[in-house]
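# Summary of the model geometry
One letter stands for each residue in the lines below.
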Protein chains: 2
Amino acid sequence: MRLAILGYGNLGKGIEAAISQNADMELVGVFTRRDPDTVKTLTGAKTYHVDTITSMQDQIDVLMICGGSATDLPKQTPEYAKYFNVVDSFDTHAKIPEHFANVDAAAKSNNHVAMISVGWDPGMFSLNRLYANAILPDGSDYTFWGKGVSQGHSDAIRRVKGVKDGKQYTIPVESALEAVRNGENPELTTRQKHTRECFVVPEEGADLAQIEKEIKEMPNYFSDYDTTVHFITQEELDRDHAGIPHGGFVFRTGKTGLHKENNHVIEYRLKLDSNPEFTASVLVAYARAAFRMQQEGMSGCKTVFDVPPAYLSPLSAEEMRAHLL
Amino acid sequence: MRLAILGYGNLGKGIEAAISQNADMELVGVFTRRDPDTVKTLTGAKTYHVDTITSMQDQIDVLMICGGSATDLPKQTPEYAKYFNVVDSFDTHAKIPEHFANVDAAAKSNNHVAMISVGWDPGMFSLNRLYANAILPDGSDYTFWGKGVSQGHSDAIRRVKGVKDGKQYTIPVESALEAVRNGENPELTTRQKHTRECFVVPEEGADLAQIEKEIKEMPNYFSDYDTTVHFITQEELDRDHAGIPHGGFVFRTGKTGLHKENNHVIEYRLKLDSNPEFTASVLVAYARAAFRMQQEGMSGCKTVFDVPPAYLSPLSAEEMRAHLL
C-alpha cells in the first residue's frame, strides 16, 4: 500500500513514523506548499511541491491530508478526493455535515474512498460513543479530556499582552471521574468536569497580576473553569513542557432489566505521550481500510462509523478470529 | 424488526428485557424445549415449542439463540441458520474457527446472516483488541476479568464433596492493573493477574478443612491462583451473593515515534451489575446489524469484526454524524 503525505507539520511527521511501523505500507513522499528542497524529512522520504501531486496519481494509493480544520481541510479534502483515496482528521464538530457532503460528492464522482474526521476525537471516542449507545439505549454519556495540552488554549495564552510563551493543560476533575465510574450519574457543569493549568513565560517587566487576570477572565477559553497560572522561565518551559501529551475518557452509564434494576458502566480511556503520533497511527490504520474498501468497489465519503473493524488490521480474517476474537 | 428467542435461561430473559428497551424491535415469542405451557415469561411474551419454529419463518427476522457453548450452540446455530438470520454468543475460543465454518456454510446456502460469538468476551473485548492492535502495531495486550462471578468456577466448587452451594468471584489484582496502566509493560503470571474468592455453604457436618484444601488445590480452576475460601450459610449466600455481576479490562500499551520514544495506553473497561443482561444488550444490537446486512444482500457467518458500527444504531447516518462523531 503506497501512501503519501500532504502537509509536513506534527501530524505529517507522525504519519511518516507510523508508516515505518506497518510492514504492508510504504511512503511515496511528502507534498508541501513550501520549497521542497527546504523541507528535510525524518526518514529521508522524498519531498515534492504540492503543485506536482496530480501527476503522481498512479503512484499513490492513499493520500494523507494533514492540514488544519479551520481553513485547509474544507478546501483540500474535496479537491484531492477527486484524484486520490484520502484520509483527513477534520475535527470541527459543527461543520462535519457540510464537510461530509462536499467530500462525498467529489469522491463518488471519481470512485474514490475519502475517510474524514479520523483520529481519537473525532474518531476512537466517537466509535466508543456509538457502540455504547447501541448497547445501552437507556443511559448517559460523559466525555472528559486530558490530562493534556490544548493547542487552542495555548495559542490563546500566547496572544495575551506581556506573554512571551506559554502552554495550557486541560485536566479532568478526579472526583467527577469517580462519580461517573461509580454509576452515580452526576449532572456536571463545565467547571466541575475540567480544570485548566497554564505555564506562562512573561516578557521582561510585564505586569504578572494583569496577565493572570486576563487569562482567568478570558471568555469561552478560561472564564468557565478553575484556572491556575504559573509563571516560569523559557528554559523551564522548554525543559519541562516540550511534549504534546493528551488523552481522555469516554463513559456511558446505563440501566438494563425490566425494572431498570441493573447498572452498567462502559469506560474507554486513552493516555497518550504524543497526541499527533497517536492521531497519525489511527489515520494510517484507516488508510488501510480506505484502500481496501475502494478495491472492493466502494466509493464516497466515509467516517469511522462506516468501516468494518476487520478492514483496519493487516491480519487475515482467519488470524483475527483465531487470535483476537 | 421481529425477534424471537430460543432458550429461556438467564440470557434469554436478558434478551426479552433488552428488546423492551429498543423501540424498533418486537418480540415474536420464546421457543423452548420444555412444555411451552409451563414456561412463564417476564413480559407475557408467547411461548412455543421449539419443534414448531420452522413453521414461523415468515414471522421472524432474527432468531436469538441462547443455548450453551458446550453442546447446544455447535448444533443449534448451523441448524437454525438454514431458516433464519441468527445471533449467538458462542464463547469457546478454541473452537470458534470450526463453529464459524459450519455456520457459514449453512447461512450462505440460504442467504441468511449469522452473527456468532457476540457478547463482551468474545465480543466488545475482541473489538477493542482489534482496534487497539491496528492502531498500535508495536505493543502488548492485557485482558483482566472481574470483579465478577464465574459460572464455571462456581460449578466446580459445587461439585466438591461436602459442598451444598457456592459462588466464586474472579478479581483482578489492583497492583497489576496499575502497572499496566502506568505503561510499565509488566510480564504477569496467572497468579499475578487475578485472585479467586469463594463463598461456600457446607453440608451439615462436612469437613471444612478438607473442602478448603480440595478447592485450593483443584488443577486448572484454582491451583494457579491465590484463592480465599469463606464458609457462610445458605441464607447469607442467598442474601449477599444472588447477583451475577461481572466485567473486566482490555489494555493495549504501545510505542510510537521513529525511536519508539512515546508510550500510549488504551484501556477499555466494563463494570456490569448483570452479566447476562449486558450480554443480551450486545446481542440485540447485533441482531439489528444482522437484519440490515441481510436486507442489503449480504449472507454468511459474521463476527463483530465484520460489522460496520453504524449498523448497530437505530439512528440515521446523518444523526450519528451530527451527534456522536
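About the thresholds
Residues numbered from 1 in each chain as written. Chains lettered and ligands numbered in written order. Predicted model: local features only at pLDDT ≥ 70, side-chain atom pairs only at ≥ 80, totals over all residues. Heavy atoms only, no water. Helix = DSSP H or I, 4+ residues; strand = E, 2+ residues; numbered from the N terminus. Rg over C-alpha atoms; globule rule 2.2 N^0.38 Å. Buried < 20%, exposed > 50% of the residue type's maximum accessible area, 1.4 Å probe, protein only. Contact = heavy atoms within 4.5 Å. Areas by Shrake-Rupley, 256 points an atom, 1.4 Å probe, with all protein chains shown as cover. Lys, Arg positive; Asp, Glu negative; His and termini not counted. Charge placed at Lys NZ, Arg CZ, Asp CG, Glu CD. Core = buried A, V, L, I, M, F, W, Y, C linked by side-chain atoms within 4.5 Å. Least-squares fit on C-alpha atoms with pLDDT ≥ 70 in both. Buried area = accessible area lost by both parts, 1.4 Å probe. Salt bridge = Lys/Arg side-chain N within 4 Å of Asp/Glu carboxyl O. Polar contact = N/O pair within 3.5 Å; in protein donor to acceptor, adjacent residues only side chain to side chain. Nonpolar A, V, L, I, M, F, W, Y, C, P; charged D, E, K, R; others polar. Pairing = 2+ DSSP bridges. Axes fitted to C-alpha atoms, helices over the stretch in contact; angles between N-to-C directions. Parallel < 35°, antiparallel > 145°, perpendicular 65-115°, else oblique. Phe/Tyr/Trp six-rings, centres within 6.5 Å; stacked < 30°, edge-to-face > 60°. Lys NZ or Arg CZ within 6 Å of the ring centre and 35° of its normal. 1 Å grid on protein atoms, 1.4 Å probe; cavity = no way out; pocket = protein on both sides within 12 Å on 5 of 7 lines; lining within 4 Å. Points joined across faces, edges and corners; volume = space filled by probe spheres on them. pLDDT = per-residue confidence, 0-100.

Looking only at helices and strands, one finds 11 helices and 14 strands in chain A. Taken against the 2.2 N^0.38 rule, which gives 20 Å for 325 residues, the C-alpha radius of gyration of chain A at 22 Å falls within 12% of a compact globule. With the C-alpha coordinates of chain A rotated into their principal frame, the extents come out at 65 × 60 × 35 Å. Looking at chain A residue by residue over its 325 residues, the buried ones come to 58%. Looking at chain A alone, contacts between residues at least 24 apart form 68% of all its contacts between residues at least 6 apart. As displayed, chain A has an accessible area near 13500 Å², and 46% of this comes from carbon and sulfur atoms. In chain A, the 33 positive side-chain charges and the 44 negative ones have mean positions that sit 2 Å from each other.

We now examine the nonpolar core. Grouped together as the largest cluster of nonpolar side chains are 154 residues, with contacts concentrated most on Ile15, Met64 and Tyr286 of chain A together with Ile15, Met64 and Tyr286 of chain B. Every residue in contact with Tyr286 of chain B, bar those within four places of it in the chain, is listed here: Tyr131 of chain A together with Val87, Met115, Val118, Leu127, Val304, Val307 and Leu312 of chain B.

On to the relation of the copies chain A and chain B. The transformation that overlays chain A on chain B combines an axial shift of 0.0 Å with a rotation of 180°, and the residual RMSD is 0.0 Å. This pairing of chains is accounted for by a two-fold axis. Comparing interface residues between copies, 100% of those in chain A also lie at the interface in chain B; the contact surface is shared.

Attention now goes to the interface of chain A and chain B. Each side of the interface is counted separately: chain A has 65 residues, and chain B has 66 residues. When chain A packs against chain B, close to 5900 Å² is buried across both sides, 64% of that on carbon and sulfur atoms. The interface formed by chain A and chain B contains 0 salt bridges. At the junction of chain A with chain B, the criterion picks out 25 residue pairs in polar contact (both at pLDDT 80 or more). Secondary-structure elements contributing two or more residues to the side of chain A that touches chain B are α3 (96–108), α4 (124–135), β12 (246–256), β13 (262–272), α10 (275–295) and α11 (317–323) of chain A. Take the side of chain A that touches chain B: its biggest share by element is 11 residues, from β13 of chain A. Looking at the side of chain A that touches chain B, its residues break down into 33 nonpolar, 19 polar and 13 charged. In this structure, β13 of chain A lies alongside strand β13 (residues 262–272) of chain B, joined through 9 bridges in antiparallel fashion. Within β13 of chain B, the residue paired with Leu272 of chain A across the bridge is His264 of chain B.

Here 4 strands make up an open sheet; going across it, the order is β8-β9-β10-β11 (chain B) and the pairing mixed. A single partner strand is all that each edge strand has here, and the edge strands are β8 (148–149) and β11 (226–231) of chain B.

Tallying each qualifying case throughout the model produces 34 salt bridges over all chains. Ionic pairing is found between Lys216 of chain A and Glu212 of chain A, a salt bridge with its closest N-O pair at 2.9 Å. Of this pair, Lys216 of chain A and Glu212 of chain A both sit in helix α8 (residues 208–216), 4 residues apart, which is roughly one turn of that helix. Judged by its relative accessible area of 33%, Lys216 of chain A falls in the partly exposed class. The salt bridge involving Lys213 of chain B is made with Glu217 of chain B; its shortest N-O contact spans 3.1 Å. In this structure Lys213 of chain B comes out as partly exposed when scored by relative accessible area, which is 44%. Each member of the salt-bridge network shares a partner with another, and the members are Asp155, Arg158 and Asp165 of chain A.

Looking now at the sheet that holds strand β9 (residues 163–172) of chain A. Residue and element names in this part refer to chain A. Here we have 4 strands laid out as an open sheet, ordered β8-β9-β10-β11, and mixed in their pairing. In this open sheet, the two strands that pair with only one neighbour each are β8 (148–149) and β11 (226–231). Sheet strands touched by α8: β9, β10 (194–202) and β11. Its angle to β11, the strand with the most contacts, is close to 150°.

One way to put it is that α4 of chain A packs onto helix α10 (residues 275–295) of chain B with a least axis distance of 8 Å and a crossing angle of 105°. Put simply, α4 of chain A runs roughly perpendicular to α10 of chain B. Of the residues in α10 of chain B, those in contact with Tyr131, Ala134 and Ile135 of chain A of α4 of chain A are Phe278, Ser281, Val282, Ala285 and Tyr286 of chain B. Class assignment of the residues belonging to the contact of α4 of chain A with α10 of chain B gives a composition of 7 nonpolar, 1 polar and no charged.

What follows covers the packing of aromatic side chains. Evaluated as defined, the whole model comprises 13 aromatic pairs over all chains. Seen from their ring centres, Tyr131 of chain A and Tyr131 of chain B are 6.3 Å apart, and the 70° between their planes marks the pair as edge-to-face. Of the two residues, Tyr131 of chain A is situated in helix α4 and Tyr131 of chain B in helix α4 (residues 124–135); the pairing between them involves two chains. Here Phe144 of chain B and Phe251 of chain B contribute two aromatic rings whose centre-to-centre distance is 6.1 Å and whose plane-to-plane angle is 85°, an arrangement assigned as edge-to-face. Here Phe144 of chain B, found in strand β7 (residues 139–145), pairs with Phe251 of chain B, found in strand β12 (residues 246–256); they are 107 residues apart in sequence, far enough to count as distant. Judged by relative accessible area, which is 1%, Phe251 of chain B ranks as buried. Positioned above the aromatic ring of Phe100 of chain B, the side-chain terminus of Arg321 of chain A is 3.4 Å from the ring centre.

Another point: helix α1 (residues 10–19) of chain A. All names here are of chain A. Burial analysis of α1 places 8 of its 10 residues in the buried class, which makes it a mostly covered element. Every buried residue of α1 is listed here: Leu11, Gly12, Gly14, Ile15, Glu16, Ala17, Ala18 and Ile19. Packing partners of the buried residues in α1 comprise β1 (2–6), β2 (26–32), β4 (62–65) and α10.

On to empty space enclosed by the protein. In this approach a probe as big as a water molecule rolls over the atoms, and the regions it shows empty are the leftover space. Summed over the entire model, instances satisfying the criterion amount to 2 cavities of 30 Å³ or more. Elements supplying a minimum of two residues to the lining of the largest cavity: α4 of chain A together with α4 of chain B. Per element, the largest residue contribution to the lining of the largest cavity is 4 residues, and it comes from α4 of chain B. When grouped by side-chain class, the residues that make up the lining of the largest cavity number 6 nonpolar, 2 polar and no charged. There is about 30 Å³ of room inside the second largest cavity. Around the second largest cavity, the lining residues are Asn128, Ala132, Val250, Phe251, Arg252, Ile266, Glu267 and Tyr268 of chain B. Of all the secondary-structure elements, those providing two or more residues to the lining of the second largest cavity are α4, β12 and β13 of chain B. Across the lining of the second largest cavity, the residue classes tally to 5 nonpolar, 1 polar and 2 charged.

A separate point is the confidence of the model for chain A. Low pLDDT means the predicted atomic positions in that stretch should not be read closely. Put simply, chain A has an average pLDDT of 97, and 100% of its residues get 70 or more. In the predicted assembly, ipTM is 0.97 and pTM is 0.97.

Below, the discussion takes up unusual backbone geometry. The omega angle of the peptide bond from Asp121 of chain A to Pro122 of chain A is 5°, so this bond is cis rather than trans. With omega at 0°, the peptide bond leading from Gly146 of chain B into Lys147 of chain B counts as cis. Inspection of the secondary structure puts Lys147 of chain B in the loop between β7 and β8. The phi angle at Asn185 of chain A is positive, at roughly 55°, despite the residue not being glycine. The topology assignment puts Asn185 of chain A in the loop between α6 (174–181) and α7 (190–193). The backbone of Lys260 of chain B sits at a positive phi, close to 50°, despite the residue not being glycine. Mapping Lys260 of chain B onto the fold places it in the loop between β12 and β13.

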